[in-house]
Amino acid sequence: MREIIQVQAGQCGNQMGTKFWEVLSDEHGINEDGKYVGESDLQLERINVYYTESAKRSYVPRLVLNQSKIKFLKAVLVDLEPGSIDTVRAGPFGKLFRPDNFIVGSNGAGNNWAKGYYTEGAELIDSFMDVVRREAEACDCLQGFQMTHSLGGGTGSGMGSLILSKIREEYPDRMVCTFSVVPSPKVSDTVVEPYNATLAVHQLVDNCDETFCIDNEALFDICCRTLKLSNPSYGDLNHLVCAVMAGVTTCLRFPGQVKLNDQHGPARNHADEKFFLQLNADLRKLAVNMVPFPRLHFFIVGFAPLTSRNAQSYRQLTVPELAAQMFDAKNMMAACDPRRGRYLAVAAIFRGKLSMKEVEHQMMNVQMKNSSYFVEWIPNCCKTAVCDIPPRGLKMSGTFIGNSTAIQDLFKRVQVQFSAMIKRKAFLHWYTGEGMDITEFTEAESNMADLCSEYQQYQDVSVEDEYDPPTTKTPGLKKN
C-alpha cells in the first residue's frame, strides 16, 4: 500500500490536522475508538494509506503533529508548547494517536523562526526523526510525507522548515507536500509574520515537491462574502481548509469510478477500470502533471459548492455549476486573482455520482471560455479525476488545484511587508540572538524575488519565443 505519513507542526498545523483526521475518520467509517463502523468496502480499500491497523483491529492515523513542539498523529505529534498537544490528547479522537508519537517541548518558539529552526526545534528534531523512521519502517511502500503548518508562527515556519530539510536529507526519493497557511493582515496576531513567512518560503522552494497555499485573507473573505458569516472564527477557517484537504486527498484514499461490469458487453477488469478513470492517484502523479519546473510548485486551491446556509435549500447542484464555481476567483483560498496571471496546469477532482462524459465536456468548456488564462505552450494542461464517494452531507463536490503565475501576488504582498521592516532592521535582534546571521534574511528575500520573476517570465512567454538553454536552476525562455 502507498502510505503517507502526516506531520503537523505548530498550533495552526495541529488544529488543521486534527480537523482533517476527524473528517477522514468520518469518511472512512472509523469511530473515536478506532473501530470500523462504516457500511462500504470502498471505505477500507485504501484505509492503510493514512491509517495503521493495530493488534486489536482498530485503526490509528499515520500522522506526525507538530506545534511549537511537534505533534504527530500516526501520526507523530510535536509541539514546542504542551498546550496544543494536551488539547489533541483530550479531544474526541485523542485515543487514536500513539502516546509515544507525541513530541512536546516546554519553552515554545515565541513566534520566532530562529527559535524553531536553530535552538528549541533543534533540540527536538532527533526525537522527531526517530519517530518518523519508526513509522516509515512500518510502511510497505512509503509514498511520501504530508505536512500542515503555518508560515507565520515560530514552530510551523521555523521547526517546519527544519523538519522538511531533515526529511529531504533522509528520504530524498519520497514525495513531500505541504498545506501551508500564508499570513495576511486581516487575520493576524503577530507582527513578525513577514519575516517568518519569507524565511519559510526560502526553505519550501528547495525542500518541498508540492505546496498548497492557503491564505487566511482569502479564507476570511470567503466566510464573509460567500458564507455570509458576520464574525468568522478560526474554527470556520479550519472547516474550509479541511474541505480542501479532504478533496485533494480523495484520489489517494478512494478508487475512481468503479464499474464491475459493462451494460453493453462482458465484465471488465476491475483494476483496468480504476486505472483508466483515476487520474492523479498519488502524490507523484499529481506532481508530474502539475509542476512544469521544479521551483514552481506552489498551488492555488478551491472548493465547490460554497453556499450560505440560508441559500442552500434554493440551490440545485449540477456539474456545470460546480465547474464554474471551482474556477471562480472568489472561491480561491489564496488571496490572489488568477485572472491577473495564467495557469500553467490545473487539476479538478470531482466527487459524487457523476457522468464522466459530462465532467470532461464541462472542463473542456471552461478551458475554451477562459483560454486566455492558460499558457498556450502547455496544450493539455487540465487534468480531471472522478470519485463516486461524495463528502458527508453533499451529493457532489469539486476540488480545484491550480498552478497559476498569479500566486506571485501572494509572495509580493509578503515581500513588501518584509522589505519595510528589514530596511529599519526592526525586530532583528530577536533572530540574531538565536544564532542567525543577517545575510540569511537577504538571501531569503532574494530567493523570493527570484521566484516571483520566474513566475512572471513564464507568464509572459509565448509558444513562438526562442528557448534559452538553462544557465541557472531552471530553464529560461527569452523573447524574440
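Everything in this summary refers to the structure shown in the same document.

### What to know about the state of the cysteines
Argument step 1. Taken as a whole and judged by the stated rule, the model has zero disulfides.
Argument step 2. Not engaged in a disulfide, the cysteine C224 finds its nearest cysteine sulfur in C223; these two sulfurs lie 6.7 Å apart.
Argument step 3. The partly exposed category is assigned to C224, whose relative accessible area is 29%.

### A few points about helix α3 (residues 82-90)
Argument step 1. Turning to α3, its buried residues are S84, I85 and V88. Around the axis of α3, the buried residues are gathered within 95° of arc, so they sit on the same side. Those residues of α3 that are exposed and angled more than 90 degrees off the buried face are T87 and A90.

### Some remarks on the pairing of strand β8 (residues 141-150)
Consecutive side chains of a regular strand alternate in pointing toward one face of the sheet and then the other.
Argument step 1. Counting buried residues along β8, nine of its 10 residues qualify, which places the element largely inside the surrounding structure.
Argument step 2. Sheet analysis places β8 next to strand β9 (residues 175-182), joined by seven bridges and oriented parallel. Each residue of the ladder has a partner; that of G144, found in β9, is M175.

### Some words on the pairing of strand β13 (residues 382-387)
Argument step 1. With respect to burial, β13 is a largely interior element, five of its six residues being buried.
Argument step 2. Here strand β12 (residues 343-352) runs beside β13; their pairing, made up of six bridges, is parallel. Paired with V346 across the two strands is C382, which belongs to β13.
Argument step 3. Note that the unit made of β12, helix α13 (residues 356-369) and β13 has a crossover that is right-handed.

### With respect to the packing of helix α5 (residues 155-170) against helix α6 (residues 193-207)
The description of two packed helices rests on the angle between their axes and on the distance between the axes.
Argument step 1. Two numbers describe how α5 lies on α6: the axes approach to 9 Å, and their chain directions differ by 15°. One element, α5, and the other, α6, form an angle in the roughly parallel class. Seen along the crossing, α5 lies across α6 with a hand that is left-handed. For the pair α5 and α6, contact is made by S157, S161, L164, S165 and R168 and by N196, A200, Q203, L204, D206 and N207, respectively.

### Some words on the nonpolar core
Argument step 1. Among the nonpolar cores identified, the biggest contains 90 residues, and F128, F298, I407 and F411 are the most heavily contacted of them.
Argument step 2. Ranked by residues supplied to this core, first place goes to helix α4 (residues 113-137) with 10 residues.
Argument step 3. With 49 residues, the next largest nonpolar core counts I30, F102, M290 and F299 among its residues.

The rules behind each value
Residues numbered from 1 in each chain as written. Predicted model: local features only at pLDDT ≥ 70, side-chain atom pairs only at ≥ 80, totals over all residues. Heavy atoms only, no water. Disulfide = S-S within 2.5 Å. Buried < 20%, exposed > 50% of the residue type's maximum accessible area, 1.4 Å probe, protein only. Helix = DSSP H or I, 4+ residues; strand = E, 2+ residues; numbered from the N terminus. Arc of directions from axis to C-beta. Pairing = 2+ DSSP bridges. Right-handed = clockwise from strand over helix to strand, strands pointing away. Axes fitted to C-alpha atoms, helices over the stretch in contact; angles between N-to-C directions. Parallel < 35°, antiparallel > 145°, perpendicular 65-115°, else oblique. Left-handed = near helix turned anticlockwise from the far one by under 90°. Contact = heavy atoms within 4.5 Å. Core = buried A, V, L, I, M, F, W, Y, C linked by side-chain atoms within 4.5 Å.

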